[in-house]
Amino acid sequence: MGLAPVTSNSGADPRHGQLRSPYTRPPPGSRVRPTCDYGFPSADVLLASSFLPLYAGLKPVEYKGQTWVDGGFTNSLPILPVGRTVTISPFCGRLDISPQDKGQLGVYVSIANQDILVSVANLVRLNQALFPPGQREMESLYRRGFRDAAGFLLKENWFE
């Protein structure tokens, strides 16, 4: 089967027919900007762009003579000259689109420059992200995410 059928339509840049694979080099103690390869990425780039330390192993992926981790570990949100960037997360937090947990103490942790609520519900979500549930629960999560997104669009008056 190879990688081409799996990756050819996922994350593609429709303007150029290319796949965007963000990955990050983690220098100690400093913020980094993700690097993106365009064109068809190698297996090493795909592995680097999805490497989560501890979960995926202890040794980060080596590419171009350096070690790399998932690009999501940095604040890789675009800064637009006009308008705004909509933030989305599967975790409850101070984001535009995310689940809203009720009755929490309001303690947040900053991850990749996004404030995520410290809660049991978010720990359950993290477990589901690392160990995906069955199809029925995945469909339920999809519907909840759709409702979260629709609620945001209604609140912002962005539905036409």
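Provided above is the structure to which this section pertains.
For every chain, the first residue of the written sequence is number 1, and numbering continues from 1 along that sequence. For this predicted model, a pLDDT threshold of at least 70 governs which residues receive local features, and a threshold of 80 or more governs which side-chain atom pairs are given and counted, while totals over whole chains, interfaces and linings are taken from all residues. In computing side-chain values, all of the structure's heavy atoms are included and hydrogens and water are not.

Mapped onto the fold, I88 is located in the loop between β6 (66-70) and β7 (108-111). For the pair formed by I88 and P99, sequence separation is eleven residues and the distance between their alpha carbons is 9.6 Å. Those residues in contact with I88 that sit more than four places away from it in its chain are I97 and Q114. Put simply, DSSP marks the helices as runs of H or I at least four residues long and the strands as runs of E at least two long, and each gets a number from the N terminus on. Every residue pair with non-hydrogen atoms within 4.5 Å of one another is taken to be in contact.

Let us now look at the pattern of salt bridges. Salt bridge, as applied in this entry: a Lys or Arg side-chain nitrogen positioned within 4 Å of an Asp or Glu carboxyl oxygen. Per the counting criterion, the structure on display carries five salt bridges. Here D115 and R94 are joined by a salt bridge, their closest N and O atoms 3.3 Å apart. Taken together, the positions of D115 in strand β8 (residues 114-117) and R94 in the loop between β6 and β7 put the pair 21 residues apart, joining distant regions of the chain. Relative accessibility decides the category of a residue: with a 1.4 Å probe and only protein chains considered, values under 20% of the type maximum give buried, values over 50% give exposed, and everything between is partly exposed. Judged by relative accessible area, D115 falls into the partly exposed class, the value being 26%. For R94, a relative accessible area of 52% translates into the label exposed. For R125, the salt bridge identified is with D101, shortest N-O distance 2.8 Å. One end of the pair, R125, is in helix α3 (residues 120-130); the other, D101, is in the loop between β6 and β7, and 24 residues separate them in sequence. Of the two residues examined, R125 and D101, each falls in the buried class.

What follows is about α3. Residue pairs spaced three or four apart in an α-helix point in one direction, given the helix's 3.6 residues per turn. All buried positions along α3 are accounted for by N122, R125 and Q128. Along α3, the residues classed as buried sweep out an arc of 115° about the axis, all on the same side. The exposed residues of α3 that point more than 90 degrees off its buried face are V120 and L123. If you follow the buried residues of α3, they end up packed against β8 and α4 (135-155). The arc under discussion is defined with respect to the helix axis, by the directions toward the C-beta atoms.

With that settled, consider a nonpolar patch on the surface. A contiguous nonpolar patch, built from L105, V107, V109, I111 and V118 and spanning about 490 Å² of accessible area, is present on the exposed surface. Along the chain, L105 turns up in the loop between β6 and β7. Patch building starts from residues that exceed 30% relative accessible area and form no salt bridge, then joins like charges within 9 Å and nonpolar side chains (Val, Leu, Ile, Met, Phe, Trp, Tyr) within 5 Å. Areas reported here follow the Shrake-Rupley algorithm with a probe of radius 1.4 Å; residue values treat only the protein chains shown as occluding.

In this section: the nonpolar core. Nonpolar cores are built from buried Ala, Val, Leu, Ile, Met, Phe, Trp, Tyr and Cys residues. Side-chain atoms within 4.5 Å join them into one set. V45, A48, F51, V61, Y63, W68 and V69 form the largest nonpolar core, which has seven residues in total. Residue assignment for this core shows that the elements contributing at least two residues are α2 (43-48), β5 (61-63) and β6.

Pairs were defined over the aromatic rings of Phe, Tyr and Trp, the Trp ring being its six-membered one, requiring ring centres within 6.5 Å. Orientation was assigned from the angle between planes: stacked under 30 degrees, edge-to-face over 60, tilted for the rest. Tallying each qualifying case throughout the model produces two aromatic pairs. Note on Y55 and F131: the rings are 5.9 Å apart at their centroids and 80° apart in plane angle, and the pair reads as edge-to-face. Separated by 76 residues along the polypeptide, Y55 in the loop between α2 and β5 and F131 in the loop between α3 and α4 bring together distant segments of the chain. Assessed through its relative accessible area of 43%, Y55 is described here as partly exposed. Plain terms: the ring middles of F152 and W158 are 5.3 Å apart, the flat faces sit at 90° to each other, and that makes the pair edge-to-face. Among the residues examined, F152 registers a relative accessible area of 3% and is labelled buried.

Okay, the layout of surface pockets next. Space inside the second largest pocket adds up to approximately 560 Å³. With a 1 Å grid spanning the protein atoms alone, the term cavity applies to any set of points in which a 1.4 Å probe fits but cannot get out, the term pocket to an open set with protein on both sides within 12 Å along at least five of seven lines, and the term lining residue to any residue with an atom within 4 Å of a point. Along the walls of the second largest pocket sit 23 residues, with P90, P99, R125, L141 and G145 positioned nearest its centre. Elements that contribute at least two residues to the lining of the second largest pocket include exactly α3 and α4. Per-class residue counts for the lining of the second largest pocket are 14 nonpolar, five polar and four charged. Grid points are joined across faces, edges and corners, and a volume is the space filled by probe spheres set on the points. Polar here means any residue outside two lists: the nonpolar Ala, Val, Leu, Ile, Met, Phe, Trp, Tyr, Cys and Pro, and the charged Asp, Glu, Lys and Arg; Gly therefore counts as polar.

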